[in-house]
Every structure is written in C-alpha cells, then in structure tokens.
Amino acid sequence: MHGMVLASFGGSVGVPMANGLVNGCLWGLLAIGIVLVYKANGIFNFAQGEFGSMAALIAVAAVDGLGPFPKMPMPIAMILGLLAGVLCGVATERLVVRPLFRSPRATLLVATAGVALFLASLQALFTGTDLSHVFPAIGGSHHFALFGSLSNPDAYIFGWTQISRVLVLLAVAIGAVVFFRTRYGLGILAVSQDPVAANTVGINVKRISMLTWGLAGLLGAAAGLIDVPGGPYQPGLVSGILTGVGPLVFAFIGAVLGGMTSLPGAFVGSLALGLIDSFAGRYMPASVPGGEALVVFGVLLLVLLFRPTGLLGRET
Amino acid sequence: MNRLSGRAVAWVGLVVVILVVGLGGPNAAAHGTTAAVYALAALSINIILGYTGQLSLGHQGLVGTGALFAAYVTTAHGLPFQIALAIGGLTGGLAAVLVGFVALRISGLYLALITLVFGLTLEQSLFELTTFTGGGAGEAANRPSFLLPNDRYYYLCLVVVVVVCYLDSRLTRSKAGRAFKAIKEDERVAAAMGINVVGYKLLAFTLSGVVAGVAGALFAFATQQFVGSDFDFRLALVFVVMTVVGGAGSRAGVVAGAVLFAILHDFIAAFGPFKSFAGLFPTQTGANLLQFGPDLIGALLLLLTLAFNPGGLAQQMAPLVRWMTGGPFREPRRRPPAVVVEALEAAGIETDEPAGAET
Amino acid sequence: MLEVRDLSIRFGGLQALSEVNLDVGEWEIVGLIGPNGAGKTTAFNCITGVYRPDRGRVVFKGQDVTRLPPHRRAALGFGRTFQNVGMVKTATALDNLLTAQHLKADYSALSGVFGTGTALSEERELVRRADAILELLDLREVRDLPISGLPYGLLKLLELGCALATDPELLFLDEPSSGMGPEEARELGKRLSVVRQEFGLTMLLIEHHVPLVTSLCDYVYVLNFGQVLVEGEPEFVRTHPQVVEAYLGTAS
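Keep in mind that this is a model prediction, so the values were computed, not measured. (Residues numbered from 1 in each chain as written. Chains lettered and ligands numbered in written order. Predicted model: local features only at pLDDT ≥ 70, side-chain atom pairs only at ≥ 80, totals over all residues.)

Caption draft 1: Looking closely at the overall build of chain A. From N to C terminus, chain A includes 11 helices and two strands. Along chain A, from the amino end to the carboxyl end, the secondary structure elements read α-α-α-α-β-β-α-α-α-α-α-α-α. At 20 Å, chain A has a C-alpha radius of gyration in line with the 20 Å of a compact globule built from 316 residues. C-alpha atoms of chain A, sized along the principal axes, occupy 65 × 55 × 35 Å. Considering only intrachain contacts with a sequence separation of at least 6, the fraction spanning at least 24 residues in chain A is 71%. (Helix = DSSP H or I, 4+ residues; strand = E, 2+ residues; numbered from the N terminus. Rg over C-alpha atoms; globule rule 2.2 N^0.38 Å. Contact = placed C-beta atoms within 7 Å.)

In structure tokens:
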C-alpha cells in the first residue's frame, strides 16, 4: 500500500490525520504530566509512563477479577486504576524525589529511570509475559467510520476508545485551565518559579510538591487507562520498557516540541507530533526500516537545534 | 603476617577467583564472559556518567552498533576477528559522535532524552536493515577456531577488560580526566579554567562509545550472533543501574556492580535455593520471579543506593581497594596542617588541635 | 586593555544592566563596587562570556571578544574567581591547580589516554608549576587535601592561585576578600599588589571592603541598578554624595 497513491481522501489524508490526532491526544495526556514535573522540579520524570502502566495493571486486575480483586465493572476498575496512579506519584515524591532534592539533576534523572524499571519489573512479577489479560474496549464493539462507510478500507474506523482519548484530553485541558486559577494551581506555579519566595509567602512547599506529583500520577494513570482498552495488558506498556516502544517516548518529544515550560504547549506539541508521526508512517517507504522512528527522531533533533524553547515555550 | 604479604595474598586470591570462573564447570566461562561484557558496558557508562556527569539512556544502541558491525564485517566480508573487534569499537565511537555532536550542545537533561530516542531509533532502523540482520535469526558472528573454547574466549574478554581499565586509569590522571571532573561539578568554573566544555563532553561521549562498541563486538562473538532485539530500552536501564549501584566514578566499583548484575541474571535462574523459593509460588508467579526478579532487585538496589549509599559498592570497597594498591586499610586520622588551624583561629573558630606538625 | 561598551542585558522583566561602559588600562587595578544587586557579578558574567548580553561590545587588547565562549576568552588571557568559590570541590588543592592549568598542558587529550612520553613530561611540568603557586601563597601544606574540608578564607586564597594558574593577563576577582577579617584583607591587598608586580597583571575586582578598594585600586566604577553611577579615583568616589546615598538608600 505504501507508495501507492490512493484516490480517496480517507486513505491518503483522512486516516493518517485522524490516527495522528487520536494518538496525539494520548501522548498529550502523558506530556502534560511530564511538563508539570519539569516545571516543578526541573527534571524529566522517566517514570511518568509507569504511573500509567500501574494504573492499567490495577484496572485489568479489577476487571478480570485477578489476585485479591473481585470482578468489578469497568468504571470502578478505572477509578481504582486512577487511585493506583496517584498513589505511585505520591510515593515517588515522598520516597525518591524529596530525599534527593539537593542532589545534582543527573542523579534525579537516574532515580526516575530507576523507579520506572522498578514499577515495570513489579508488574512483570504479577503477569509476566502473559498476554491473555485484555482490557475490554470502552463502549463495547461499537464502531464508527469517517471518510467512508464501515466497509470501506480507506475509511477511518474508530470506537469509543478513540473517542474517549479525545474527550479525556479535552476534559483535562479544560480542567487544567480551571485548576491553575485555584489556590492549589497557583501554588504549584509559584513553587515552580521560586520555591523560596513561595515559602516566604506562606505556601506549604512540601504539600505542593506532593500535590504536584499526585497530579502527575493522576495524569499518567489517565493516560494508561485510555491506552490499554482494546488490547492486552503488558507490563511496562506505557513506557515501552518490555514491549519495545510505548507512548511515553512520543509524549516526551511532544512536550519538547511544544516547549517544556508550557502546559498548553504539551497538547499542541503532542498533537502536532501525532500528525507528523502518522503521516511519516503512511508515506515513508517500506524499504527503510524504522522510517517513522527516524522522522520522529529527526524532528526532535531539529527542534532542539533550532528552536529549543519549542513552539510555544518561553525563554527560561 | 606483615602488610606486604597480606596484600600479595589478596591479589593472588583475586587471580585465583578469576581462574576458577574460567576453569570451573561448563557454564562458568560463559557466565564469566557475560560479566566481562557487562563490565565493559559499565566502564563505558562510567566515563560519561561517573566522570562527566551526563546521563545517556541509549547506550544499548552504541553497544548494539558495535555488535552489528562486528558481526557484519566477519560474516559478509570475512574480516579477521581482531579487525572486527576494532570495527566494533570504531563504529560505537562514530555513532556516539553523530548523536553527541548535536546532543551535547544542549543541557544534560536533553542528552538523556535524545540518547533515549536515539537508542530506540537505532533498534528500529539500523538493527532491522536486512543487510545486517541476515534474516530473522540474526547475523552470525563466528569466532575464529582458536577462540571457540569458552574458557579461552573468557580469558580474552578478561584481557580486554584489564586493558580498558588501564587506559581508563591513564585517562583519569590526564588533563582530559580532570576536565571531565570539572565539567561534572560546575561547567562555568570549567570554562573559566579554559576547558572547552562542549568539546570535552563530546570526547567523553566518544570514548564511552568506543568502549561500548568493543563490548558489543565481544558480546556478538560470545553468542556468535547478532540479534537486534537484544538491545532494547530495558538494557539501557540495566546498564545505568549496575553502574550506579557499583559506584559511578569508580573503576573498581562499576566493575563490581557489573559482576553483581551478571551474577544476578545468569546464576539466579540456576541457583538452587532461589529456585526452590520461586517454586513456593504458583507456577506462573514463580517463573516470573525468576525472569524478572533480577530487574526488580536491581531497580530497588539503585534506589537504595541513591538514597543511602551514593558512592555505591565502591564506597564499601574503598578500604579494600586502597589497601590492595599500596595504601593503608583504614583512613589515617590526620591532624589539620598548621596553616588550616591558623586560618580557623583567625576567623575566630576554636580548634582543639595544637598548631604544629601533622602525623 | 579592556573596553566594555554599551553592555546591556535583561532577565525577564528586569533590566539587569543598561549601557555599562568600562575601561581597564594595562596593569591597572580597577574596582567595581556598588550595593547588593547592583549587577556587578552580572557584569562580570557578561564580560567573561558566561552570559550573552543583549547589546554591547567587549574588546580585549584590541580584539572584539563579544562572541567568544568563555574558554576561548580564558585562552586569550582572562582569569577569574567566583563569588561562591569556583573550584572543583571534590578534588585536592593540587588537582585543582592542575585543572586550572588546562590550557598550558601541551599534549593532546588522546596522548594523555595512552600515556605518551610528551604527556607524562608535560604533567610533571604542571605539577612543578602548581607547587610553585602553592609556595607563593603559603599553601603548601594543603596540597594533597580535598578542598571541601578547608576554611573559607583559605579556599578564596587557593582560588586566587587557580586563577593565576591559568596564566592570565587580566584577572577578574569577584569579592576576593569575602570571609576575611580586616587583618586578612590587608594581607590580601598586599598580596594582590605583589602578584600584580610579579606576574604583570591587570585586575578588575568586585569588592565591598572599602579600605581594600581605597588602598589597592587605581580607578573605581560604582554600579547601581545596572548602571554606572559614578566613576573616578577611589578617594573621589568614596566621598561622592551620590555614592553615599546609593549605599545608605539601599540599606533596607
């Protein structure tokens, strides 16, 4: 199919565009968590993906009735998943980030990578390479079609899982705008700009730190929960530690693209990256293995070389 | 038993242990080879992370590149083993230069990200090119006949590790080594002292790449095969974990860390008591424990090391290493020199040492 | 020797420096004083290349160095100390002096790795020079001690030694007397004078210690809110009403 110019709009533009945007929504959700931690602590949280994978694990366990969980309906399972994510975020903050607060940044980076490996291995202990635990697609097997009918191969077929990705991102976007006007949101922004000044003004820096990471955990969990439906649960799926590549890498690149200091940039950058990646996948010749990866890597390098503050970021 | 003979015993003991691994049992040599290759990977990461303070999460890509080209030149072009080894090192270094040239101009955080993506990209593109992969089973990398016996190959790997350690020791005592250290501590100060920060970061990364490439070549010949999927993101994390747990910045430490992890991975599955422990769990969990336990333990050790023992194993080993290389076992209790005592007193700080001769 | 023209830099909403003009003549010791937050260290950072100014030029010995990175300026003859002790804290005094002589180590990095004869003999030379500096500053006894345990005053002295080790022509000293009592500061002043003589140096120093500035400096610039307020000979500046007001006015 690659290289053949399809007459229909769906095949050549519509499907990649839709795919790209939906993927971008998933990555954007992760990217917001990444940017949040970057603004607050000045580091890249390599464990962000694993907050999502842990959430997915708990949700799958709840839905399938594994281990200590009785079988539960999907919404409850998802709520449990979200809680698990928040717990992971808060635990990471208390046990890893806070003790290492004064360490050089390389140490903190290594620490978050260590947390990622730890969580992924922990998950693997429970499910191993067993692919039989499938999280059901959201909304059952209802399918819709864009750019053609359901039977048209050039049409974009999607279900509620894809819709949920877009909806969740929109919800989070609106939520973010609202949240950052509240006392807590402003507190986070203040601490990220100048912790000493924030402390002087009476903001409880420790509690804000916990809140930030709890939020990061929540966002990561949400990403994991909209990533896993419709497919088998695999340990480390969001980071790609054991599965090859996961959404996490794309989320990082999307965050860079949008400017690491800009929360709206995280959306925009991820959506843009989604489109770039999707079209690359569609049009890169099959003879070049990993063509998609090459394009995405190239984009990362170009942005960092020529516009390091990203599309929407400001000079730090 | 005076100090000299005690030290000699320790060195002899170390050599004996190394020989025993080579001679003992059919699999010991293979395990020893894995340990040696891991040690080289750890030494490689040590140069960029331990000495220069930059994190690379794509080193598995550099190791894989060395493995890929070593296998390729041997099989497709029939080049001799030594050349293949050199090519492995060179291509590792070259790959490092290519990514370092761009990545090192930007802050250290982004290096971690760029190397991460670089490693993944290599895995999906270069390592999948059919010219190099020879089909799904992976490109062959056959050892020359005189190296076919496992224990002989193990000794070769050992020699390479020793040579790299020696060159590394020369590096740390030269101006480049000092430049790396200054960069790690404070780039502004390094620049004020005339150090070309970007240039030396690139040098560190390149040297690191060469060692990684050699490690890869040795690995390819050890398994006599290059398989692209061996070099995945998990491996990048394992490399960093063993370097930090061993003690980033210390040669002996990172080698010890590498040996520890090689043992964890290779022996644990065969280690009787652990097997029985795993057998206590329902079969699936038990199997998972054996397969993923080492990673979990490793990650946990990493976090514990960072929190409580930042010097890694090297911190514990320091007295032993110091003793074996000619110094005293215990840190000598030094009296501060006169000049220090006077300065403290001038500043109004009480000291209870009389100013005067040091021990 | 050094001409700074029109130096300006802005950080976010704050204009840290505006149109600063400085001249330092050969073998002069020029002081840069002003209340806290006036922009003195920022000026240093701009002139030595750590920051890139928004506007302005820095000309050293007739050569425009405005676009050069800091290590290139060091190669041309800049030496510098920092406010919070700019040395490698985990290394020994000797190691720091060796590191500071980076530009004088006349062998390639690779020959260092292989331990060639040139590399080894150059290293011996570096150690000899380091010992000479330790001797000059009376610091021989701390040669092999890690510097992290040493008292602050000693560290500042050692840092001066490292700056000298870079073989500079123009020394930038950022509060060299900080952490020193009046007796020590006077010693420092004498030492700097001697050093200027022996090494043929020119100096630009940021200082708060008024007697030191008056006794040592040939010329003084007063900075306030990022601008040059007053300039002139130390006595003139010291009693200048605007300078007095600047210091008293910012006493809160």
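This is not the end of the story, as more comes after the structure.
Caption draft 2: Summary view of the overall build of chain C. When helices and strands are tallied, chain C shows 10 helices and 10 strands. Relative to its length of 252 residues, chain C is compact, with a C-alpha radius of gyration of 19 Å against a globular reference of 18 Å. Overall, chain C is about 60 × 40 × 35 Å in size when its C-alpha atoms are taken along their principal axes. By residue count, 45% of the 252 residues in chain C fall in the buried class. Put simply, of all contacts in chain C between residues at least 6 apart along the chain, 67% involve residues at least 24 apart. (Buried ≥ 20, exposed ≤ 12 C-beta atoms within 10 Å, placed from the backbone.)

Caption draft 3: Geometry of the interface of chain C and chain B. If you look at the interface, chain C gives 39 residues, while chain B gives 30 residues. Counting residues per element, the ones that place at least two in the side of chain C that touches chain B are helix H2 (70–76), helix H3 (93–100), helix H4 (109–114) and helix H6 (152–165) of chain C. The residue makeup of the side of chain C that touches chain B, split by class, is 22 nonpolar, 11 polar and six charged. (Nonpolar A, V, L, I, M, F, W, Y, C, P; charged D, E, K, R; others polar.)

Caption draft 4: How the structure looks around unusual backbone geometry. Residues and elements named next belong to chain C. Even without being glycine, Asp6 reaches a positive phi, approximately 65 degrees. Looking at where Asp6 falls in the secondary structure, it is placed in strand E1 (residues 2–11). On the basis of neighbour counts, which here come to 13 C-beta atoms within 10 Å, the residue Asp6 falls in the partly exposed class.

Caption draft 5: Structural context of the sheet that holds strand E4 (residues 55–60) of chain C. Residue and element names in this part refer to chain C. Strand order in the open sheet formed by four strands is E2-E1-E4-E5, and the pairing between neighbours is antiparallel. Two strands close off the open sheet at either side, each with one partner strand: strand E2 (14–24) and strand E5 (63–64). Judged from the seven bridges that link them, E1 and E2 form a sheet pairing that is antiparallel. The partner of Phe11 across the bridge, within E2, is Leu14. (Pairing = 2+ DSSP bridges.)

Caption draft 6: How the structure looks around the confidence of the model for chain C. Here chain C averages 89 in pLDDT, and 98% of its residues register 70 or above. Predicted complex, confidence summary: ipTM 0.91, pTM 0.88. (pLDDT = per-residue confidence, 0-100.)

Caption draft 7: View of the environment of Ala38 of chain C. All names here are of chain C. Note that Ala38 resides in the loop between strand E3 (29–33) and helix H1 (40–48). On a C-alpha basis, the gap between Ala38 and Ala16 in space is 7.9 Å, while along the polypeptide they are 22 residues apart. Those residues in contact with Ala38 that lie beyond four places of it in its chain are Leu223, Asn224 and Phe225.

Caption draft 8: The arrangement of the chains, seen in detail. When the two pairs of chains in contact are compared, the highest contact count belongs to chains A and B. Nothing in chain A touches chain C; the tightest C-alpha to C-alpha distance between them is still 8 Å.

Caption draft 9: Region of interest: the interface of chain A and chain B. On the side of chain B, 43 residues touch chain A, which itself brings 41 residues to the contact. Those elements that provide at least two residues to the side of chain A that touches chain B are helix H4 (105–127), helix H9 (247–258) and helix H11 (291–306) of chain A. Tallying contributions element by element places H4 of chain A first for the side of chain A that touches chain B, with 15 residues. Taken together, the residues that form the side of chain A that touches chain B break down as 32 nonpolar, seven polar and two charged.

Caption draft 10: Up close: H4 of chain A. Residues and elements named next belong to chain A. When the terminal C-alpha atoms of H4 are compared, their 33 Å separation across 23 residues agrees well with the 33 Å that a helix rising 1.5 Å per residue should span. Of all the 23 residues making up H4, 19 are buried; the element is thus mostly covered by neighbouring parts of the structure. Looking one or two residues past H4, Gly128 carries a phi angle of roughly 55 degrees, positive in sign. (Expected span 1.5 Å × (residues − 1).)

Caption draft 11: Molecular detail of the sheet that holds strand E6 (residues 78–80) of chain C. All names here are of chain C. Taken in spatial order, the six strands make up an open sheet running E6-E7-E8-E3-E9-E10, and their pairing is mixed. Strands with a single pairing partner mark the edges of an open sheet, and in this sheet they are E6 and strand E10 (227–232). Each neighbouring strand pair of the sheet contributes to a mean axis angle of 20 degrees, computed without reference to strand direction. Bridge analysis of E6 against strand E7 (residues 170–174) gives three bridges, and the strand direction is parallel. When the bridges of E7 are listed, Phe78 appears paired with Leu170. Across the sheet, H1 lies against E3, E6, E7, strand E8 (202–206) and strand E9 (219–224), angled at about 150 degrees from E7, the strand it touches most. (Axes fitted to C-alpha atoms, helices over the stretch in contact; angles between N-to-C directions.)

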